[in-house]
Amino acid sequence: MQIIKTVTELRSVLKSQASIAFVPTMGNLHEGHIHLVTLAKQHAECVVVSIFVNPLQFGANEDLASYPRTLEADCEKLKAAGASIVFAPAVAEIYPQCTVTESNGTESDGIKLNQTMTIAPPPIANELCGASRPGHFSGVATVVLKLFNMVFFNGSKQHFAIFGQKDFQQLFMIKELVKQFNLPITIIAGETVREASGLAMSSRNGYLTTEQHQQASQLNSALQDIVNVIKKGDCDFNLLEQEITATLKSQGWLVDYISIRSTRTLSPATSSDRHLVVLGAAKLGNTRLIDNVEFLR
Ligand code: PAF
């Protein structure tokens, strides 16, 4: 497995590859990521994994500075999982025009764009996670498009990119990016990997105290409860969202949203929609967790 830090070297190494499967990550890898690498290996012999904590998708006062950077341990895991190349660029390699302010606990933490060109996503990017994280999906779409350009389109003919379903809205945005920008890339969705309790694996689980960790599966249980009730015929979606929000609040969660949506459009579900997803985001202490359950009614 090769570890590469620059775009020039990456392009030169990938020049002769006929097909590439790419797994973009921000590092601090867990079993969920390794599952994506396993999926990637089913699609191409050359598996590229990027590890880049993307400053552009973090808002002021979010955890950019404290986000765990564990490159050495990540590379060990990726080697064992059979990845071919780890691309771990510095911020200046991806955003030469930007200046990044390291955290000093003020609102100016983050990135100064200067003359950087970014993607303006459609309005659905301002709902759900985007409502409380303004600019987040612009940051995600921008870095993903840049990474796609760096990894693919250099002689290879078949392009696969693998994203986890846990970040449902992100996956939706990336599929739109690929469709609307006519990118010759097949997007593969990797199932959410869960702990025995049902808690979705996430790099942010590491922020939870032991007690919070034990409690954290309540989010998934709450979403499952909604699914069960809807499957029995209830379609008062607003009321269900409110009831589950109240239950989580009573358990000590700070709920960002609980929302029942159409999987096709990601807009609020109507009683005629059959392909549904219930999504939730909520904080335990300072740790914001997200999860979703997709189902057919
Ligand atoms: O899901 C993530 O880890 C990130 O949002 C991604 C897709 C690697 C872009 O920075």
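A. Highlighting the sheet that holds strand β7 (residues 158-164). The six strands are arranged β1-β4-β3-β2-β7-β8 in an open sheet whose pairing can be described as parallel. Only two strands of the sheet have a single neighbouring strand rather than two, namely β1 (2-4) and β8 (186-190). Taking each pair of neighbouring strands and ignoring which way they run, the sheet shows an average axis angle of 25 degrees. Contacts from helix α7 (residues 168-180) reach β7 and β8, with the element oriented near 170 degrees to β8.

B. Spotlight on the site of the ligand. With respect to spatial proximity, the complete set of residues near the ligand consists of P24, T25, M26, N54, Q57, V143, F163 and Q170. At 2.6 Å, a side-chain N or O of Q57 approaches an oxygen atom of the ligand. Between the ligand and the protein, one listed contact pairs an oxygen atom with a side-chain N or O atom of Q170 at 2.7 Å. Coverage of the ligand by the protein amounts to 88% of the 290 Å² it exposes when considered alone. Of the residues assigned to the shell around the ligand, the class counts are four nonpolar, four polar and no charged.

C. Representation of the sheet that holds strand β9 (residues 254-262) in the model. Strands sit in the order β9-β10-β11 across an open sheet of three strands; the sheet is antiparallel. Both edges of this open sheet fall to β9 and β11 (287-296), since each of them pairs with a single strand only. Direction aside, neighbouring strands of the sheet carry axes that sit 10 degrees apart on average. Bridge analysis of β9 against strand β10 (residues 275-284) gives eight bridges, and the strand direction is antiparallel. Note that in β10 the partner of V255 across the bridge is A282. The sheet strands contacting helix α9 (residues 218-231) are β9, β10 and β11, and the helix crosses β11 at an angle near 25 degrees.

D. Summary view of helix α10 (residues 237-250). Over its 14 residues, α10 extends 20 Å from the first C-alpha to the last, a length consistent with the 20 Å expected when each residue adds 1.5 Å. Along α10, the residues classified as buried are F237, L240, E241, I244, T245 and L248. Projected onto a plane normal to the axis of α10, the buried residues spread over an arc of 130 degrees and lie on a single side. Along α10, the residues that are exposed and aim more than 90 degrees away from the buried face are N238, Q242, K249 and S250. In this structure, the buried side of α10 is in contact with α9, β9 and β10. Phi for G252, located one or two positions after α10, is positive at around 105 degrees.

E. Expanded view of the packing of aromatic side chains. Evaluated as defined, the whole model comprises seven aromatic pairs. Taken together, a centroid distance of 6.3 Å and an interplanar angle of 75 degrees make the contact between F22 and F148 edge-to-face. With a gap of 126 residues between them, F22 in strand β2 (residues 19-25) and F148 in helix α6 (residues 136-151) connect regions that are remote in the sequence. Assigned by exposure class, F22 and F148 land together as buried. Aromatic side chains F148 and F152 sit 5.7 Å apart centroid to centroid with 45 degrees between the ring planes, which places their arrangement in the tilted category.

F. Here's a closer look at the packing of α9 against α10. Closest axis-to-axis distance for the α9/α10 pair is 10 Å, and the angle between their directions is 155 degrees. It follows from the interaxial angle that α9 and α10 lie roughly antiparallel. For the element pair α9 and α10, the recorded crossing hand is right-handed. Seen from α9, the contacting residues are Q218, L219, A222, D225, I226, V229 and I230; seen from α10, they are F237, L240, I244 and L248.

G. Structural context of the nonpolar core. Grouped together as the largest cluster of nonpolar side chains are 35 residues, with contacts concentrated most on F148 and I187. Sequence-distant contacts of F148, defined by excluding residues within four places in its chain, comprise F22, F153, A161, F163, I174, V178, L183, I185 and I187. Counting 25 residues, the second largest nonpolar core, distinct from the first, contains L219, L248, V255 and I258.

H. Quick look at the packing of α6 against α7. Across the interface, α6 lies against α7 with an axial gap of 10 Å and an inter-helix angle of 50 degrees. With respect to their mutual orientation, α6 and α7 come out oblique. As α6 runs across α7, the sense of the crossing is right-handed. Between α6 and α7, the residues in contact are F137, V140, A141, V144, L145 and F148 and Q169, Q170, M173, I174, L177 and V178, respectively. Across the contact of α6 with α7, the residue classes tally to ten nonpolar, two polar and no charged.

The rules behind each value
Residues numbered from 1 in each chain as written. Predicted model: local features only at pLDDT ≥ 70, side-chain atom pairs only at ≥ 80, totals over all residues. Heavy atoms only, no water. Pairing = 2+ DSSP bridges. Helix = DSSP H or I, 4+ residues; strand = E, 2+ residues; numbered from the N terminus. Axes fitted to C-alpha atoms, helices over the stretch in contact; angles between N-to-C directions. Contact = heavy atoms within 4.5 Å. Near = heavy atom within 4 Å. Polar contact = N/O pair within 3.5 Å; in protein donor to acceptor, adjacent residues only side chain to side chain. Areas by Shrake-Rupley, 256 points an atom, 1.4 Å probe, with all protein chains shown as cover. Nonpolar A, V, L, I, M, F, W, Y, C, P; charged D, E, K, R; others polar. Expected span 1.5 Å × (residues − 1). Buried < 20%, exposed > 50% of the residue type's maximum accessible area, 1.4 Å probe, protein only. Arc of directions from axis to C-beta. Phe/Tyr/Trp six-rings, centres within 6.5 Å; stacked < 30°, edge-to-face > 60°. Parallel < 35°, antiparallel > 145°, perpendicular 65-115°, else oblique. Left-handed = near helix turned anticlockwise from the far one by under 90°. Core = buried A, V, L, I, M, F, W, Y, C linked by side-chain atoms within 4.5 Å.

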